Amino acid sequence: QKAASLLLSNTTRCHLSHEDLVPGSSYVARVRARRGQASGFSRRYSEWSTEVSWETPEGGLQPRNLRCLFNGADRLTCSWEVKKAIITSVVFGLFFRATRASAEEECSPVHEKALTHIPYVVQSCEIPVGNSSSQSQYHVSVRAKMEEKVIEAYKNIKVLPPANVSVTVTESHEYELRWIKHTFQYGFIKQRYQVEYWKKNQYEKVSLRKCRS
């Protein structure tokens, strides 16, 4: 996940609501400063402060307000609410049985709608009803889904970083960077490199060069 960023003025405090954080997770924060807009001086940021870390307590992950409405013909629409802070890290699914003896099925697709003024989103899904007799009783539940993937190792290679990076001055007064690459078992796999360089204490001003091996 990307880091969340807050801009504050005239304060030395920042309050993070538990509604904006994922329960049972570890967080890290840091702060930097710059001059305010009213000043006529340079507004470059300071260096980052030292980092502070904390863990949020478990709990509060379960969806709430599960409800289902039958349209009287062929569709059962179910909806539930999930905290906004966890929807990018936890995927919930709606599972149902037409009868207690039926095999469990998963409803698809799941739709999502944000709620205003509260930190929840509404997720919903429509279950097709084949037999709408008065004796029909659907058993539904919402729970976190277990994501499974087939990983092909040769398509998911993360190479080791280059070793022994050094810099020398050439006869033409240029600066040459050199490094040692880590070799693979298979020679047909090529490597590309990204070089970053910047003036000390000015990391934001970065230049990039891309190289191939």
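Our subject is the structure that appears above.
Residues numbered from 1 in each chain as written. Predicted model: local features only at pLDDT ≥ 70, side-chain atom pairs only at ≥ 80, totals over all residues. Heavy atoms only, no water.

Draft legend 1. Structural detail: the sheet that holds strand 9 (residues 139-144). What the three strands build is an open sheet, ordered 6-5-9; its pairing is antiparallel. Only two strands of the sheet have a single neighbouring strand rather than two, namely strand 6 (105-106) and strand 9. Where strand 5 (residues 92-97) lies against strand 9, six bridges are found, and the strand directions are antiparallel. Note that in strand 9 the partner of Arg 97 across the bridge is His 139. (Pairing = 2+ DSSP bridges. Helix = DSSP H or I, 4+ residues; strand = E, 2+ residues; numbered from the N terminus.)

Draft legend 2. Seen up close, the pattern of salt bridges. Taken as a whole and assessed by the stated rule, the structure comprises five salt bridges. Here Glu 81 ties to Arg 64 by a salt bridge, and the two come within 2.6 Å at their closest N and O atoms. Of this pair, Glu 81 sits in strand 4 (residues 75-83) while Arg 64 sits in strand 3 (residues 64-70); the two residues are 17 residues apart in sequence, bridging distant segments of the chain. With a relative accessible area of 13%, Glu 81 lands in the buried category. Ionic pairing is found between Glu 176 and Arg 178, a salt bridge with its closest N-O pair at 2.8 Å. (Salt bridge = Lys/Arg side-chain N within 4 Å of Asp/Glu carboxyl O. Buried < 20%, exposed > 50% of the residue type's maximum accessible area, 1.4 Å probe, protein only.)

Draft legend 3. Up close: unusual backbone geometry. Cis peptide bonds are those with omega within 30 degrees of zero, and the linkage from Ser 108 to Pro 109 qualifies with 0°. Relative to the helices and strands, Pro 109 is located in the loop between strand 6 and strand 7 (111-114). The residue His 173 is not glycine, and still its phi comes out positive at about 65°. Within the fold, His 173 resides in the loop between strand 10 (163-169) and strand 11 (175-180).

Draft legend 4. Layout of the state of the cysteines. For the structure on display, the rule yields two disulfides. Linked covalently through their sulfurs, Cys 68 and Cys 78 form a disulfide whose S-S length is 2.0 Å. Its torsion about the S-S bond being 110°, the disulfide of Cys 68 and Cys 78 is classed as right-handed. You can see Cys 68 sitting in strand 3 and its partner Cys 78 sitting in strand 4, a full ten residues away along the chain. Here Cys 107 connects covalently by a disulfide to Cys 125, the sulfurs 2.0 Å from one another. Torsion about the S-S bond of the Cys 107 and Cys 125 cystine: about -95°, corresponding to left-handed handedness. You can see Cys 107 sitting in the loop between strand 6 and strand 7 and its partner Cys 125 sitting in strand 8 (residues 120-128), a full 18 residues away along the chain. Neither Cys 107 nor Cys 125 differs from the other in exposure class; each is buried. For the chain, the disulfide bridges join cysteines in the arrangement 1-2, 3-4, where the cysteines are counted in sequence order. (Disulfide = S-S within 2.5 Å.)

Draft legend 5. Geometry of the sheet that holds strand 4. Across the sheet, which stays open at both edges, the four strands sit in the order 3-4-8-7 with antiparallel pairing between neighbours. Here the strands that pair on one side only, and so sit at the sheet edges, are strand 3 and strand 7. Neighbour to neighbour, the strand axes of the sheet diverge by 20° on average, direction disregarded. Bridging between strand 4 and strand 8 involves nine bridges; their strand directions are antiparallel. Counterpart to Thr 77 in the pairing with strand 8 is Glu 126. (Axes fitted to C-alpha atoms, helices over the stretch in contact; angles between N-to-C directions.)

Draft legend 6. Focus on the nonpolar core. Grouped together as the largest cluster of nonpolar side chains are 16 residues, with contacts concentrated most on Trp 80, Val 82, Phe 92, Leu 94, Cys 107 and Ile 127. Of all the secondary-structure elements, those providing two or more residues to this core are strand 4, strand 5 and strand 8. When residues of this core are assigned to their parent elements, the largest contribution, four residues, is made by strand 4. Beyond its immediate sequence surroundings of up to four residues, Cys 107 is in contact with Leu 94, Phe 96, Cys 125, Glu 126 and Ile 127. (Core = buried A, V, L, I, M, F, W, Y, C linked by side-chain atoms within 4.5 Å. Contact = heavy atoms within 4.5 Å.)

Draft legend 7. Representation of the environment of Glu 147. Along the chain, Glu 147 falls in the loop between strand 9 and strand 10. For Glu 147, a relative accessible area of 61% corresponds to the exposed category. In this structure the C-alpha to C-alpha distance between Glu 147 and Val 91, which are 56 residues apart in sequence, comes to 8.4 Å.

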